Amino acid sequence: MQKTAPPRQHLPIYLLSCLLAFIGGHIINYSIIFLALERFNSHALAGIGYGLCFGPPLILGWIAGVYCDRYSPRRVILIAQNSYFVSLILLYTGTLAATEYQPHLLLLAAFFSGIGWSFVAPARFATLPFYVSPEKLTGASIGLNLMVMTGFGLAPMILKQVEFQFGWNSVFLTSALLFAFSGALLLPLRFEFTGKPAEKALNEIKASLLFVKKSSFLKALLLLASITYLLMGPMQVVLPSIAEKHLQLSPVAQGNYLSLIAFSLIVGGITAMWMKNKGRIGQFTLLSIALAGVGIGNLSIEHELSLSVLTLIVAGLCGGIGISFIVAGLQAYSSVTHRGRIMSFYSMISQIIPAASGIGAGILAQVFTPMMALQIFSGLIVSSVVLCWFFMPHFRKLERFSDAI
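Going along each chain's sequence as written, the residues are numbered from 1 onward. Local features in this predicted model are restricted to residues of pLDDT 70 or higher, and side-chain atom pairs are both shown and tallied only at a pLDDT of 80 or more, whereas totals for entire chains, interfaces and linings draw on every residue. Hydrogens are left out, water is left out, and the side-chain values use all remaining heavy atoms of the structure.

> Explain the overall build of the protein to me, please; I cannot follow it from the model alone.
By the criteria applied, helices consist of DSSP H or I runs no shorter than four residues and strands consist of E runs no shorter than two, each listed in order from the N terminus. For the protein, the count of helices and strands is 18 helices and zero strands. Here the globule rule is a power law, 2.2 Å times the number of residues to the power 0.38, and the radius of gyration is based on C-alpha atoms. Taking 22 Å as the expected radius of gyration for a compact globule of 405 residues, we find that the protein reaches 20 Å, a close match to that expectation. Once the C-alpha set of the protein is aligned to its principal axes, its extents read approximately 50 × 45 × 35 Å. Exposure is judged per residue with a 1.4 Å probe applied to protein chains only, and the accessible area is read against the type maximum: over 50% gives exposed, under 20% gives buried, and values in between give partly exposed. Going through the 405 residues of the protein one by one, you find that 57% of them count as buried. Note on definitions: a residue-residue contact is assigned when non-hydrogen atoms from the two residues lie within 4.5 Å. Of all intrachain contacts in the protein linking residues separated by at least 6 positions in sequence, the fraction that spans at least 24 positions is 86%. Computed with the Shrake-Rupley method and a 1.4 Å probe, the accessible areas treat only the protein chains shown as cover for residues. Just so you have it, the protein exposes about 16,700 Å², and 68% of that area is on carbon and sulfur atoms. Averaging the positions of the 25 positive and the 13 negative side-chain charges in the protein gives two centres separated by 12 Å. None of His or the chain ends enter the tally, which takes Lys and Arg as positive and Asp and Glu as negative. A single reference atom marks each charge: NZ on Lys, CZ on Arg, CG on Asp, CD on Glu.

Structural data, given as structure tokens:
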């Protein structure tokens, strides 16, 4: 628990530490995808690798939640980030190994990256309240979410620039340095912490699950988060092939193209901040998610670069609006007692669902085509939103988050 108010300068330093770590983590994710496509021409391998990057939280995420209650989440971050260094060492070893061993090392590297994400992502959210006063927590949470999206966007651009100029080993070194600087920034940001017994932590997780079960709005928001994050797997696993083979982009241009996703997500988040008090927030959330789904389907059939860029920006912007409304809603309807654990549930969704959709998209792209994979996920997302429109009228009719009971 927090004993004293943190120094005012701690929050920006902490957010910078988060940004560096998220860039480094997404560089590892994209490295695994690009290497699978470049060296083995396998969307299935890329999808499985991406799934291993974000799949372990399905089990380890619960353990991470308990650890963040028992031990200082700052300490959890500093220890868990070492898993990324193991992943980078395995990726480097893969460049020296015989061809038949490279896929195994690639997947093992992805698994260690997944261990890192399992603990670091929820610990980052759990650490945030120790660097901000309670009345500013919502704004700080949105700021941390912006760091997540910015890291996601800068990673492919930095990766492609470094790989084109200096090669893959320099990409791995860049990621390692980002994690080292991130950890160095976090080291002096100490705070007082009183751990909870494991039994109490488990009971509180059960209590939070019961709290969510009783809230129709929290259940709706977590369901919509699951639908929205179906976008991420296909975007990361399939779009690199669309950029290279469909649009004929150079390696550097591919990185810039993929970075548009995060740019538009950030603009969508800012737009959501402006729209949050305009009314009809339930309808806007559902429509935004549906339009993002339509957008990724259109990317599969668009050959003109300018129109593809415009479609990608619009899809990302709509996804950013949807996910920002979801995060704001979760903050608004979570009690102080349960907020941290509910945000950890959201954090797990933001990793597990992209992992599952990434594996699915990779297999579909391998069996059919990358274009067909995007169209299938587009149809799945849009049809899911249509069902929510009719079966969640309480959410559809929501005007403002403050109106919920």
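This is not the end of the story, as more comes after the structure.
> Is there a simple way to explain the packing of helix 10 (residues 216–228) against helix 15 (residues 305–333) in this structure?
Any two packed helices are characterised by the angle at which their axes cross and by the distance between the axes. Put simply, helix 10 and helix 15 touch, their axes get as near as 10 Å, and they point 150 degrees apart. The orientation of helix 10 with respect to helix 15, classified from their angle, is roughly antiparallel. Here the hand of the crossing between helix 10 and helix 15 comes out left-handed. Between helix 10, through Phe217, Leu218, Leu221, Leu222, Leu224, Ala225 and Thr228, and helix 15, the contact on the second element is made entirely by Gly319, Ile323, Phe325, Ile326, Gly329, Leu330 and Tyr333. Three categories are distinguished: nonpolar for Ala, Val, Leu, Ile, Met, Phe, Trp, Tyr, Cys and Pro, charged for Asp, Glu, Lys and Arg, and polar for the others, with Gly belonging to the last. Here the contact of helix 10 with helix 15 is built from residues that sort into eleven nonpolar, three polar and no charged. Angles run from 0 to 180 degrees between N-to-C directions of axes, and those axes are lines fitted to C-alpha atoms, restricted for helices to the stretch in contact. Working definition: roughly parallel below 35 degrees, roughly antiparallel above 145 degrees, roughly perpendicular at 65 to 115 degrees, and oblique for all remaining angles. Two helices crossing with the near one rotated counterclockwise from the far one by less than a right angle form a left-handed crossing, whereas a clockwise rotation gives a right-handed crossing.

> Quick question: what am I supposed to make of helix 10 here?
Each α-helix winds once per 3.6 residues, and so residues spaced three or four apart point in a common direction. Every helix has an expected span of 1.5 Å times one less than the residues it contains. The first and last C-alpha atoms of helix 10 sit 18 Å apart over 13 residues, in line with the 18 Å expected at 1.5 Å per residue. Buried within helix 10 are the following residues: Phe217, Leu218, Ala220, Leu221, Leu222, Leu224, Ala225, Ile227 and Thr228.

> What's the story with unusual backbone geometry in this structure? I'm lost.
What you tend to see is this: most non-glycine residues have negative phi, and most peptide bonds are trans. Despite not being glycine, Asn41 has its phi angle at roughly 50 degrees, a positive value. By the element assignment, Asn41 lies in the loop between helix 1 (10–40) and helix 2 (43–54). Here Gln248, not a glycine, exhibits a phi torsion of approximately 60 degrees, which is positive. In this fold, Gln248 is placed in the loop between helix 12 (239–246) and helix 13 (251–275).

> Can you help me understand the nonpolar core in this one?
Burial of nonpolar side chains together is a common tendency in soluble globular proteins. Residues grouped as a nonpolar core are buried Ala, Val, Leu, Ile, Met, Phe, Trp, Tyr and Cys residues, joined through side-chain atoms within 4.5 Å. Core analysis: the largest hydrophobic core is formed by 129 residues, its most contacted members being Leu91, Leu224, Leu239, Tyr257, Leu330, Tyr346 and Phe395. Of the residues forming this core, the biggest block, 18 residues, is contributed by helix 1.

> What should I look at first to understand the packing of aromatic side chains in this one?
To describe a pair of aromatic rings, you give the distance between the ring centres and the angle between the ring planes. Pairing of aromatic rings covers Phe, Tyr and Trp, the last through its six-membered ring, and needs centres within 6.5 Å; plane angles under 30 degrees mean stacked, over 60 mean edge-to-face, and all others mean tilted. Summed over all chains, the structure comprises 15 aromatic pairs. Measuring from centroid to centroid gives 5.5 Å for Phe217 and Tyr333, while their planes differ by 45 degrees, and the two rings are tilted. In this pair, Phe217 is assigned in helix 10 and Tyr333 in helix 15, connecting sequence segments 116 residues apart. In this structure Phe217 comes out as buried when scored by relative accessible area, which is 11%. Grouping aromatic residues by their ring pairs yields a cluster made of Phe22, Tyr50, Phe54, Tyr84, Phe85, Trp117 and Phe179. Positioned above the aromatic ring of Phe34, the side-chain terminus of Lys160 is 4.2 Å from the ring centre. Two conditions define a charge sitting above a ring: the NZ of Lys or the CZ of Arg must be within 6 Å of the ring centre, and it must be within 35 degrees of the ring normal.

> Would you mind going over the side chain of Thr127 with me for this structure?
Along the polypeptide, Thr127 turns up in helix 6 (residues 102–127). Of the residues examined, Thr127 reaches a relative accessible area of 0% and is grouped as buried. Beyond its immediate chain neighbours, meaning those up to four positions away, Thr127 contacts Tyr14, Pro73, Arg74, Ile77 and Phe191.

> Would you explain helix 4 (residues 73–80) in this entry?
Turning to helix 4, its buried residues are Pro73, Arg74, Val76, Ile77 and Ala80. In an axial view of helix 4, the angular spread of the buried residues amounts to 160 degrees, which keeps them on one side of the axis. Every exposed residue of helix 4 that faces more than 90 degrees away from the buried side is listed here: Arg75 and Ile79. Packing partners of the buried residues in helix 4 comprise helix 1, helix 3 (57–70), helix 5 (82–96), helix 6 and helix 8 (168–186). The reported arc concerns the directions from the helix axis to the C-beta atoms and nothing else.

> Help me understand the environment of Ile205, please; the structure alone is not making it clear to me.
With respect to the helices and strands, Ile205 occurs in helix 9 (residues 198–214). By relative accessible area, which is 9% here, Ile205 ends up buried. For the pair formed by Ile205 and Val66, sequence separation is 139 residues and the distance between their alpha carbons is 8.2 Å. Setting aside anything within four residues of it in sequence, one finds Ile205 in contact with Trp62, Val66, Arg341 and Phe345.

> Explain a nonpolar patch on the surface here, please?
Only residues whose relative accessible area exceeds 30% and that take part in no salt bridge are eligible for patches, with like-charged residues grouped when within 9 Å of each other and nonpolar side chains (Val, Leu, Ile, Met, Phe, Trp, Tyr) grouped when within 5 Å. When a carboxyl oxygen of Asp or Glu lies within 4 Å of a side-chain nitrogen of Lys or Arg, that pair is called a salt bridge. A surface patch of nonpolar side chains, about 580 Å² in accessible area, is lined by Ile48, Ile359, Ile363, Val367, Phe368, Met372 and Ile376. For the nonpolar patch, the secondary-structure elements that each account for two or more residues are helix 16 (339–367) and helix 17 (370–391). The dominant element in the nonpolar patch, judged by the number of residues it contributes, is helix 16, at three residues. With respect to the helices and strands, Ile48 occurs in helix 2.

> So what exactly am I meant to see when it comes to the environment of Ile313 here?
Looking at the secondary structure, you find Ile313 in helix 15. On the basis of relative accessibility, which here comes to 24%, the residue Ile313 falls in the partly exposed class. Measuring from C-alpha to C-alpha, the distance between Ile313 and Ser288 comes to 13 Å, with 25 residues separating the pair along the chain. Sequence-distant contacts of Ile313, that is, excluding residues within four places in its chain, are made with Leu260 and Ser264.

> Explain the packing of helix 1 against helix 5 to me, please; I cannot follow it from the model alone.
Where helix 1 meets helix 5, the axes come as close as 11 Å, and the angle between the chain directions of the two elements is 25 degrees. What the angle tells us is that helix 1 and helix 5 run roughly parallel. As helix 1 packs across helix 5, the resulting crossing turns out to be left-handed. Of the residues in helix 5, those touching helix 1 at Gly25, Ile28, Ser31, Ile32, Leu35 and Arg39 are Tyr84, Ser87, Leu88, Leu91, Gly94 and Thr95. Classifying every residue of the contact of helix 1 with helix 5 by side-chain character gives six nonpolar, five polar and one charged.

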